[in-house]
Amino acid sequence: MLIFGLRVCFRTVGHGMFHCQRCGGDRGYRHRVGRRWFHIFYIPVIRLGRTGEHLQCLDCRGRFRTGVLAIPTAAQMEEALPAGTLAAATCMLLAGNPGSRPARRRAVDAIRSAGRPAYDETALDEDLVRSAVSGGDDVAAPLNTLAAQLAVPAREWFLANVVRIGLADGQLSDEQRLAARHVAANLGLTAAHAYGVITRTEEGATAE
Ligand SMILES: [Zn+2]
């Protein structure tokens, strides 16, 4: 008869949504941490180390390492393009004249086509204020998330669209060019690569 030994007790330390690879979709999970105990007659008496930390899918009960949280959910992927477009567009508008009608129209069009069809100038004003208050710190996170999903040609296309917002009311100012480089860097494009895309887009606008 086993009167003492080791046992593991699990407790839930959090909940959330993740992309379950077994279910193949967004599911709820519970985050569980195990602790080893030395037991006598199955009564835990001495607390030992932590072990077996994992996420458990609430649907299929599959267990996963916490690293799977780095995989974006389908909902996050769907949100990444409008969120990234919004961040980059406000960054570009603030670098120039945020009251410029053609630039604002182009920004609103870009955000609408990125997946927010109801977006309008009132929403843009709110977002411009929010972004101005943050001093541009709100640009990096949405663009980093987006960059993880976009292949290089798509990042170039995205950057060119942002540059066209700045070009809507004339040539780029130095600040607008800096804003474009800031967007490019957060998309993971090198400075030389960004320079090429920005210059080509400027030349294209002049040729129109
Ligand atoms: Zn599952």
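Residues numbered from 1 in each chain as written. Predicted model: local features only at pLDDT ≥ 70, side-chain atom pairs only at ≥ 80, totals over all residues. Heavy atoms only, no water.

Colleague: Looking at this structure, I do not really get the coordination of the zinc ion. What am I missing?
Modeller: When a metal holds four donors in a tetrahedron, each ideal angle between them is 109.5 degrees; when it holds six in an octahedron, the ideal angles are 90 or 180 degrees. Here the zinc ion is held by Cys20 (SG), Cys23 (SG), Cys57 (SG) and Cys60 (SG), and the distances to it run 2.2 to 2.4 Å. One can describe the donor arrangement at the zinc ion as tetrahedral, given that its four donor atoms subtend angles of 104 to 114 degrees at the metal. The sequence motif formed by the donor residues of the zinc ion is C-x2-C-x33-C-x2-C. With a gap of 37 residues between them, Cys20 in strand β1 (residues 4-20) and Cys57 in strand β3 (residues 43-57) connect regions that are remote in the sequence. Given a relative accessible area of 0%, Cys20 falls into the buried group. (Donors = N, O, S within 2.8 Å, 3.2 Å for Na, K, Ca; no water. Tetrahedral: all angles 85-135°; square planar, octahedral: opposite > 155°, others 65-115°. Helix = DSSP H or I, 4+ residues; strand = E, 2+ residues; numbered from the N terminus. Buried < 20%, exposed > 50% of the residue type's maximum accessible area, 1.4 Å probe, protein only.)

Colleague: What should I look at first to understand the domain arrangement of the chain in this one?
Modeller: Each domain of the chain was delimited in the assignment, giving domain 1 (4-70) and domain 2 (74-207). On a C-alpha basis, the centres of domain 1 and domain 2 stand 41 Å from each other. (Domains from an automatic or database assignment.)

Colleague: Looking at this structure, I do not really get the pairing of β3. What am I missing?
Modeller: Along a regular strand, successive side chains alternate from one face of the sheet to the other. Bridging between strand β2 (residues 25-40) and β3 involves ten bridges; their strand directions are antiparallel. Across the sheet, residue Phe38 finds its bridge partner in β3, namely Ile46. Counting the residues between successive antiparallel strands, the hairpin from β2 to β3 contains two residues, one of them, Phe41, with a positive phi of roughly 55 degrees. The pairing of β3 with strand β4 (residues 63-64) spans two bridges and is antiparallel. Paired with Gln56 across the bridge in β4 is Arg63. As consecutive antiparallel partners, β3 and β4 are separated by five residues, and within that stretch Arg61 has a phi angle of approximately 70 degrees, a positive value. (Pairing = 2+ DSSP bridges.)

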